[in-house]
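Spelled out, the chains give:
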Amino acid sequence: AQSVAQPEDQVNVAEGNPLTVKCTYSVSGNPYLFWYVQYPNRGLQFLLKYITGDNLVKGSYGFEAEFNKSQTSFHLKKPSALVSDSALYFCAVRLSGGYNKLIFGAGTRLAVHP
Amino acid sequence: GAGVSQSPRYKVAKRGQDVALRCDPISGHVSLFWYQQALGQGPEFLTYFQNEAQLDKSGLPSDRFFAERPEGSVSTLKIQRTQQEDSAVYLCASSARQGAGTEAFFGQGTRLTVV
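This report concerns the structure included in the present document.

How each quantity is defined
Residues numbered from 1 in each chain as written. Chains lettered and ligands numbered in written order. Predicted model: local features only at pLDDT ≥ 70, side-chain atom pairs only at ≥ 80, totals over all residues. Heavy atoms only, no water. Helix = DSSP H or I, 4+ residues; strand = E, 2+ residues; numbered from the N terminus. Rg over C-alpha atoms; globule rule 2.2 N^0.38 Å. Buried < 20%, exposed > 50% of the residue type's maximum accessible area, 1.4 Å probe, protein only. Contact = heavy atoms within 4.5 Å. Areas by Shrake-Rupley, 256 points an atom, 1.4 Å probe, with all protein chains shown as cover. Lys, Arg positive; Asp, Glu negative; His and termini not counted. Charge placed at Lys NZ, Arg CZ, Asp CG, Glu CD. Salt bridge = Lys/Arg side-chain N within 4 Å of Asp/Glu carboxyl O. Buried area = accessible area lost by both parts, 1.4 Å probe. Polar contact = N/O pair within 3.5 Å; in protein donor to acceptor, adjacent residues only side chain to side chain. Nonpolar A, V, L, I, M, F, W, Y, C, P; charged D, E, K, R; others polar. Pairing = 2+ DSSP bridges. Phe/Tyr/Trp six-rings, centres within 6.5 Å; stacked < 30°, edge-to-face > 60°.

**Brief notes about the overall build of chain B**
Check the secondary structure of chain B and you find zero helices and eleven strands. Listing the helices and strands of chain B from first to last along the sequence gives β-β-β-β-β-β-β-β-β-β-β. Its C-alpha atoms give chain B a radius of gyration of 13 Å, near enough to 13 Å, the size a compact globule of 115 residues would have. On the principal axes, the C-alpha backbone points of chain B span a range of 40 × 25 × 25 Å. Among the 115 residues that make up chain B, the fraction classed as buried is 48%. Taking contacts inside chain B between residues at least 6 apart in sequence as the whole, the part at least 24 apart equals 52%. In the form shown here, chain B has an accessible surface area of approximately 5500 Å², with 46% of it arising from carbon and sulfur atoms. Taken together, the 12 basic and 11 acidic charged side chains of chain B have centroids lying 7 Å from each other.

**Focus: the pattern of salt bridges**
Residue and element names in this part refer to chain B. Taken as a whole, this structure holds seven salt bridges over all chains when the rule is applied. We note a salt bridge from Asp24 to Arg22, for which the minimum N-O separation is 2.8 Å. Overall, the relative accessible area of 38% leaves Arg22 in the partly exposed class.

**Observations concerning the interface of chain B and chain A**
Contact residues are listed per partner, giving 25 residues for chain B and 23 residues for chain A. Summing both sides of the interface, chain B and chain A together bury roughly 1900 Å²; the carbon and sulfur share of this comes to 53%. Applying the counting rule to chain B against chain A returns one salt bridge. A salt bridge links Glu103 of chain B to Lys49 of chain A, with the shortest nitrogen-to-oxygen separation between them at 2.7 Å. Along the contact surface separating chain B from chain A lie five residue pairs in polar contact (both at pLDDT 80 or more). Split into classes, the residues belonging to the side of chain B that touches chain A amount to eleven nonpolar, eleven polar and three charged.

**Details of the pairing of strand S8 (residues 64-68) of chain A**
All names here are of chain A. Across three bridges, the pairing between strand S7 (residues 56-58) and S8 is antiparallel. Paired with Lys58 across the strands is Glu64, a residue of S8. Across five bridges, the pairing between S8 and strand S9 (residues 73-78) is antiparallel. Following the sheet pairing, Phe67 is matched in S9 by Phe74. Between the end of S8 and the start of S9, which pair antiparallel, lie four residues, with Thr72 showing a positive phi angle near 45°.

**Side note on the packing of aromatic side chains**
For the structure shown, the criterion picks out 17 aromatic pairs over all chains. On the numbers, 5.9 Å between centres and 70° between planes, the contact of Tyr36 of chain A with Phe46 of chain A is edge-to-face. A residue pair is termed long-range when its members are at least 10 positions apart, and Tyr36 of chain A in strand S5 (residues 31-38) and Phe46 of chain A in strand S6 (residues 44-50) qualify at ten residues. By relative accessible area, which is 21% here, Phe46 of chain A ends up partly exposed. Centre to centre, the rings of Tyr36 of chain A and Phe106 of chain B are 5.3 Å apart; their planes meet at 80°, and the pair counts as edge-to-face. With Tyr36 of chain A in strand S5 and Phe106 of chain B in strand S10 (residues 105-106), this pair bridges two chains. Both residues of the pair, Tyr36 of chain A and Phe106 of chain B, count as buried. One aromatic cluster in this structure is built from Phe34, Tyr36, Phe46, Phe90 and Phe104 of chain A together with Phe33, Tyr35, Phe45, Tyr48 and Phe106 of chain B.

Keep in mind these values describe shape, not function.
Encoded structure:
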């Protein structure tokens, strides 16, 4: 069965430092991978997606993610963290074919300290 | 507004009460999803509509949960005889097309508390 793992419950980063939020997946077909961010009392906001092609995907707010098929990973990155990036981040996978439901990881809380 | 709208934002129900949660998707969006997000967890899939057709309801946890989208736009998630374990945030999402690469846009959710 397909699944997504976010091995870190929380990531702490100093403002201005690079950040990485990890995600690994397990699927039997070609994965479509997504990152969403959730701010307090707000819905999930789409950040970026990988469908095919270039393994480095650029998204909103300066975030990017790297698809690594051999390691079945899709880590979220940003070169320089902002305090305003502090939020809950979710990785999700969707199979090609089927009814397009998203399988989410448990989430990683990112805390950026001044 | 241009986004997915859900109402009510908060709902407190007494155990055994029936509740109805509403979702207004982005206009013209074909696909509509319901997810359940328990505290401290990622969202979990409940059901999927393509226009008015409910194509996947494999995530509905019991026959107390029922969803409809009769005209292919607004959707309602109904929970009968609510129980404490139903307490969660219920998220609705829509996407413009059916396609695995199409991103879904989420509403702010309805926080249901069963007391």
